[in-house]
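Structural description and commentary
Now for the letters of each chain:
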Amino acid sequence: MSAPTRTTGTLDLTVVVPAYNEEERLGPTLSAITGHLRENEARWGAWEVVVVDDGSTDGTRDLVTGLADPRVQLVTSPRNRGKGHALRLGVAASRGARVLVTDADLAAPIEELAVLDEALTEGHAAAIGSRSVPGATIEHHQHRVREFLGRAGNFLIRRVAVPGIRDTQCGFKLFDGDRARTAFAASRLNGWGIDVEVLQHFRRADWPVAEIPVRWAHQSGSKVRPLDYARVLAELATLKARALRPADVLAVTLFLLMAVALYAGRWLDPAHRYLPDSLQDQNQWEWFFAVTADSVSHFANPLFTDLQGFPDGVNLMANTVMLGLSVPFTPVTLIAGPAVSLALVMTLGLAVTAAAWYWLIVKRVVRQRGAAFAGAALATFAPPMVSHANAHPNFVILFMMPLIIDRALRLCESERVTRNGVILGLMAAYQIFLGEEPLLLAAMGMVLFALAHAALRPDLAKAAWRPLLRGLLIGGAVCLPIVAFPLTWQFFGPQSYKSVLHGDNAGNSPLALLSFAERSLVAGNSDRANALSLNPTEQNAFYGWPLVLLAFAIVVRMWERTAVKALAFTAVAAAFLSLGPEFRIPLTDTVLPGPWALLAKKPLFESVIEGRVAMICAPALGMLLALAIERLAATRHLPTQYVGTLAVLLAVLPIVPAPLKSAERAEVPAFITDGTWKSYVRKGESLVPVPLPDPGNAEALHWQTAAGLGFKLPGGYFNGPYGAERVGIYGASPRFTSNMLRDVRYTGVAPTIGPNWRAQAKRDFAYWKAGALVLAPQGNDGLLRETLEKLTGERGRWTGGVWVWDLHDGSRPVAR
């Protein structure tokens, strides 16, 4: 910010009074001001009063000219344009070394000028009267509604424009004259928001502002109307928009375009396109959004449903339904459908996540916007993030993580510990409703970075640990009451489970860290990527050897920086942990124990797919890249710039993601879409697809959402308990008939159907409260049809594109 223009004349003080139709109140105000200044000329020196008539239609103008005092000047505006315009004219006309602006009602008496003047004498550039700091005295309150609106407005102002100032709107402010003239000349607002705009100018210029308690009394005849509060909010929005740098706007726009490009195939027709690499997860997540919207619209419990897994149901809190987004997106889901809602959430969520990383990197890591953009793009669109972008919104919509990291760093800096602790607690609570596993992984990354930084800078760690601990305790005290009931429901409620079985080792191969992901535009290799990962949605590493080499070179070249060392430790430690409880050295038969073995059986960690820990590397590598690019931009040695830029491009280009694959969605049978199913499934009964839906084939969930969740399904794709130990599994607890039908579908071999199988089928149909069995065309459907005929003793009926077995009346194998 440039220094103020020196325009000070021969006067010591100017008092600026904006006036609009103030004929009744202005006379006593001017008498009080001029009387006080005359009586204290030894204190205030040469002075003037500038009254700005803002297009009054009464006798305001005549009242001022009638005073015949050369030290009371009148500045006029041909029409009423607002307080901001009036103050800008008045300050521009001022000649004082100090400028006091006060409202025409003189709600803060002129004698309070002395306490403001003391603050300027102590070195402040401005002293603003305040009704909200300790020591302030309010002798006559406003109406309660007006007072409430004022407090609410000040809260928004603190959050949006000038943090730390409690009362920006008190009309009694003393400024250094030169700085006032500079700030008001730079202002653009004509309304009540001028106070905020000027104070914002002072803050950006690093001109110190003191907030001073004053005596204040509400005066009748206020010109502030209820609609003016809305206008101030509009002016705040204008201020915020003007504060945006073009580079920041460009960065966010590019992030949005990148997210749209990634999902371009799906956006061609979001209601009828499917991401095949999501396997069955798109069906599952659309169902999550649909069932949440249904629960909200019917005032039902959003933590549980029996629409899947009937009759036992599904513990939704234990299934990461992202209530933090699925609930607020309920209107979109109800109007446009869950497919559109999910596509919108994942696209916007990815862009907002990138913007959040960009904000954090600009604030904490580098100032160079291009470097921050590159770092945020890598943190958000790294290969493991793109892999999860197929199917797992909870692992790509991570915009809370940069905010949580920043808030924790504020605690380390002892910045307003109580306030930031409360905010951190609220943020953590919200993130729990977005995804608990990502929060756990983020906490692991923060701990790794903190340990490294503390070892490197013990002096900073010694100063930070107390406020950090206090803030974390405050945050926990705020967070726990909010999440206590949902977490109790998750871990102890109906259909809760202890841990999810992922196999003995779901860690990354060391080669996965150096190889390329399937969806890398230039170097993608689907065969190799799938051979080194659990499935296309779990390619959790795949940063590519060029990026790993570049990161190594950055660390060596910038080793002197503490942040670089800590980021390097974080990335290496996370990569090592992601190898799992044991790993094999490539090209050998040597198997070594991994550090994850220390955590694998611990609560919470036992449900984590350990390969996902490598996702912590993405923001760490992004920040290292940002630091390197900023240094390259600052160097004037052209060969260094050329070689460095070339190295960055060669490392990043191979992992630039290709758009996600999309395909035409399988059509929902007319039996479902035209409502024929309603004549087969009565209230309290279920529709039984054959085979039952499971994590391998959850198309029936799409049927259910297409039918407006009108029927219940046994089986399904969710996490639920199994056996007496209540171990978490994917899908419903299997029954003999469901297992047998699945085996027939996938093996093409049917068992001999005798009395035992028919009796077991009766028990299972009764357990599911089945109204009808539905067989859609699929592999081995002929054998499945034959099996069902033997189980039920009835021939199926072809209707609406499916075979149906009505289990009511005489055809039903069990009495109702």
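This text gives an overview of the structure that appears in the document. In this numbering scheme, every chain counts its residues from 1 along its sequence in written order. At least 70 in pLDDT is required for a residue's local features to be given in this predicted model, at least 80 for side-chain atom pairs to be given and counted, and no such filter applies to totals for whole chains, interfaces and linings, which use all residues. Where side-chain values are given, they derive from all heavy atoms of the structure, hydrogens and water being excluded.

1. Quick notes on the overall build of the protein chain
Basically, it comes down to this: Secondary structure elements follow DSSP: runs of H or I no shorter than four residues count as helices, runs of E no shorter than two count as strands, and numbering proceeds from the N terminus. Any residue under 20% of the maximum accessible area for its type is buried, any over 50% is exposed, and the rest in between are partly exposed; the area is computed with a 1.4 Å probe on protein chains only. Note on contacts: a residue pair qualifies if any of its non-hydrogen atoms lie within 4.5 Å across the two residues. Working convention for charge: Lys and Arg count positive, Asp and Glu count negative, and His plus the chain ends are omitted. Every charge is mapped to an atom, namely NZ of Lys, CZ of Arg, CG of Asp or CD of Glu.
Secondary structure assignment for the protein chain yields 32 helices and 21 strands. Projected onto its principal axes, the C-alpha coordinates of the protein chain cover approximately 115 × 65 × 45 Å. Within the protein chain, the proportion of its 816 residues that are buried is 53%. When contacts within the protein chain are restricted to residue pairs at least 6 apart in sequence, long-range pairs at least 24 apart make up 76% of them. Here the protein chain holds 78 positive side-chain charges and 69 negative ones, and the gap between their average locations is 2 Å.

2. Describing the packing of helix 4 (residues 83-93) against helix 7 (residues 177-186)
The axes of two packed helices give the description: the angle between them and the distance between them. What counts here: To obtain each axis, a line is fitted to C-alpha atoms, and for helices this fit is confined to the stretch in contact; angles are then taken between N-to-C directions over 0 to 180 degrees. What sets the label is the angle itself: under 35 degrees gives roughly parallel, over 145 gives roughly antiparallel, 65 to 115 gives roughly perpendicular, and the rest give oblique. Left-handed describes a crossing whose near helix is turned anticlockwise from the far helix by less than a right angle; the clockwise case is right-handed. Basically, the charged four are Asp, Glu, Lys and Arg, the nonpolar ten are Ala, Val, Leu, Ile, Met, Phe, Trp, Tyr, Cys and Pro, and anything else, Gly included, counts as polar.
Contact pair helix 4 / helix 7: the axes reach a minimum separation of 9 Å and the direction vectors enclose 140°. Comparing their axes, helix 7 and helix 4 come out oblique. Seen from above, helix 4 lies across helix 7 with left-handed handedness. Here Leu87, Arg88 and Val91 of helix 4 lie close against helix 7, whose contacting residues are Ala180, Arg181 and Phe184. Of the residues belonging to the contact of helix 4 with helix 7, the class tally is four nonpolar, no polar and two charged.

3. What about the side chain of Arg665?
Under the convention used in this document: Within 3.5 Å is the distance limit for a polar contact, defined as a pair of N or O atoms, with the added protein rule that one can donate a hydrogen and the other accept it, and that residues adjacent in sequence qualify only through two side-chain atoms.
Within the secondary structure layout, Arg665 lies in the loop between strand 15 (663-664) and helix 28 (670-673). Side-chain polar atoms of Arg665 contact the side chain of Glu286, separated by 2.7 Å. Non-local contacts of Arg665, meaning those with residues more than four positions away in its chain, are made with Ala271, His272, Arg273, Tyr274, Gln282, Asn283, Glu286, Ala339 and His702.

4. Description of the pattern of salt bridges
What counts here: Salt bridge criterion: a side-chain nitrogen from Lys or Arg within 4 Å of a carboxyl oxygen from Asp or Glu.
What the rule picks out here adds up to 34 salt bridges. Residue Asp406 pairs with Lys363 through a salt bridge whose shortest N-O separation is 3.3 Å. Of this pair, Asp406 sits in helix 18 (residues 400-412) while Lys363 sits in helix 15 (residues 338-364), placing them 43 residues apart in sequence. The class for Asp406 is buried, based on a relative accessible area of 0%. Several salt bridges share partner residues, and in doing so they unite Lys363, Arg364, Asp406, Arg410, Glu413 and Glu415 into one network.

5. Quick notes on helix 15
Cut-off, in case you're wondering: Expected span, for any helix, means 1.5 Å times one less than how many residues it has.
Across its 27 residues, helix 15 extends 38 Å between first and last C-alpha, which sits within 8% of the 39 Å expected from 1.5 Å per residue. In terms of burial, helix 15 is a largely internal element, 21 of the 27 residues being buried.

6. Topic: the pairing of strand 21 (residues 802-806)
Let me state the cut-off plainly: Any two strands with at least two DSSP bridges between them are considered paired.
Across four bridges, strand 19 (residues 770-775) lies against strand 21 in antiparallel orientation. The partner of Leu775 across the bridge, within strand 21, is Trp803. Across three bridges, strand 20 (residues 797-799) lies against strand 21 in antiparallel orientation. Along strand 21, the bridge assignment pairs Thr799 with Val802. Counted along the chain from strand 20 to the antiparallel partner strand 21, the turn is two residues long, and its residue Gly800 has a positive phi close to 60°.

7. Quick look at the environment of Leu534
With respect to the secondary-structure elements, Leu534 resides in the loop between helix 23 (526-531) and helix 24 (545-557). For Leu534, a relative accessible area of 48% translates into the label partly exposed. As a C-alpha pair, Leu534 and Gly611 span 77 residues in sequence and 9.3 Å in three-dimensional space. Contact partners of Leu534, with chain neighbours within four places excluded, come to Ala506 and Ile609.

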